[in-house]
Protein chains: 2
Amino acid sequence: MSDDEERTPASGAWRSLGDFIRSQRELANLSMRQLAEIAKISNPYLSQVERGLYKPSADVLKSIANALHLSAETMYSQAGLLDNSGPRDESHHGVEHAIKVDPRLTNDQKESLIRIYRSFTAGS
Amino acid sequence: MSDDEERTPASGAWRSLGDFIRSQRELANLSMRQLAEIAKISNPYLSQVERGLYKPSADVLKSIANALHLSAETMYSQAGLLDNSGPRDESHHGVEHAIKVDPRLTNDQKESLIRIYRSFTAGS
DNA sequence: AGCATCTGCTTGGTATACTTAGCGCATCAC
DNA sequence: GTGATGCGCTAAGTATACCAAGCAGATGCT
């Protein structure tokens, strides 16, 4: 009873992705139906998302981000989907990574290049 | 009849996200069950994803990316979920650029690697 | 020959993301 | 007052992401 929770969290840390989206939407002076229209989702669904009942797919997140003139990275980051906790890349993984994700190379070619690269950098 | 279809597209972009994941998985010498285990998804589902029958959620994408030691951004980018209209034009000259700026390679080694790389990608 | 153990794939079901129809409340015109 | 139009939300259904169990082929071992 008594008070509800904070409805508009002070700027800074959002309780959830829904709060973030709602805040951004209100900041842009858009109604749910307007934003839903632009983002090509249904307004009830947007309501659920903002209330934290559903966690939207990446597609929808991207669409909402675009509608709000936010970068997809920002949105994913808020959604906790970009936690750069996984791969410790950088440094000497630069070349290998670039090779691995190059769509013009076959896997055999990638292995060859990486093998050569490693032989070059073995001593350093 | 005739030949197998191309399993690793020799040139051009990935036909789909599934192709990219399968290629990365094979490059890491992981079976579907192994990768599925690490990524905490079921192996049949991974099969469907690699065959392009389903488009995984961002959560799963992130998990697979981590299991393959790829950054989530790379995976999202491949999934077409990040508008890579970013400042990086590096995507196209990724390998050569990475080689050029690698401090552990001598200039001779860089030239060798780039020459091999160009021979591999000559047709594309 | 068999059995064991891989591989990837199919089937059938459950969970959840998402939509269409509609409710209740407010504001503004008439 | 009644009706029209805005808001956000609820309810019920559909589509799809995802999982557990099991199948068919390939490889290896005795």
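The structure displayed is predicted, hence computed values, not measured ones. (Residues numbered from 1 in each chain as written. Chains lettered and ligands numbered in written order. Predicted model: local features only at pLDDT ≥ 70, side-chain atom pairs only at ≥ 80, totals over all residues. Heavy atoms only, no water.)

Draft legend 1. Geometry of the protein's contact with DNA strand D. Around DNA strand D there are 20 residues in total, and Ser31(A), Met32(A), Ser47(A), Tyr45(B) and Ser57(B) lie nearest to it. Sugar plus phosphate: this is where 62% of the atoms of DNA strand D within 4 Å of the protein reside. One of the backbone nitrogen or oxygen atoms of Ser42(B) is found 3.0 Å away from a phosphate oxygen of DNA strand D. At the level of elements, helix H1 (17-27), helix H2 (32-39) and helix H3 (43-50) of chain A together with helix H3 (43-50) of chain B are the ones that each hand at least two residues to the surface near DNA strand D. It is H3(A) that provides the largest number of residues to the surface near DNA strand D, a total of three residues. The class makeup of the residues in the surface near DNA strand D is eight nonpolar, five polar and seven charged. (Near = heavy atom within 4 Å. Polar contact = N/O pair within 3.5 Å; in protein donor to acceptor, adjacent residues only side chain to side chain. Helix = DSSP H or I, 4+ residues; strand = E, 2+ residues; numbered from the N terminus. Nonpolar A, V, L, I, M, F, W, Y, C, P; charged D, E, K, R; others polar.)

Draft legend 2. Looking closely at the interface of chain B and chain A. Of the residues lining the interface, 43 residues belong to chain B; the matching set on chain A comes to 40 residues. With both chains or domains summed, chain B and chain A bury close to 3900 Å², and 58% of this area falls on carbon and sulfur atoms. Run the count over chain B and chain A and you get two salt bridges. Seen at the junction of chain B and chain A, the total is 11 residue pairs in polar contact (both at pLDDT 80 or more). (Contact = heavy atoms within 4.5 Å. Buried area = accessible area lost by both parts, 1.4 Å probe. Salt bridge = Lys/Arg side-chain N within 4 Å of Asp/Glu carboxyl O.)

Draft legend 3. Geometry of the pattern of salt bridges. Residues and elements named next belong to chain A. Across all of its chains, the model carries eight salt bridges over all chains by this definition. The salt bridge involving Glu50 is made with Arg22; its shortest N-O contact spans 2.6 Å. Within this pair, whereas Glu50 is found in helix H3, its partner Arg22 is found in helix H1, the two being separated by 28 residues in sequence. Accessibility expressed as a relative area gives 3% for Glu50, which makes it buried. (Buried < 20%, exposed > 50% of the residue type's maximum accessible area, 1.4 Å probe, protein only.)

Draft legend 4. Spotlight on the protein's contact with DNA strand C. For DNA strand C, the set of nearby residues contains 21 residues, the closest of which are Tyr45(A), Ser57(A), Arg25(B), Ser31(B) and Arg33(B). Here a phosphate oxygen of DNA strand C sits 2.8 Å away from a polar atom, N or O, in the side chain of Ser31(B). At 3.1 Å from a phosphate oxygen of DNA strand C is found a side-chain nitrogen or oxygen belonging to Arg51(B). Put simply, the parts of the chain that give the surface near DNA strand C at least two residues each are H3 of chain A together with helix H1 (17-27), helix H2 (32-39) and H3 of chain B. Top element by residues in the surface near DNA strand C is H3(B). It accounts for four residues.

Remember that the coordinates give geometry; whether it matters functionally is a separate question.
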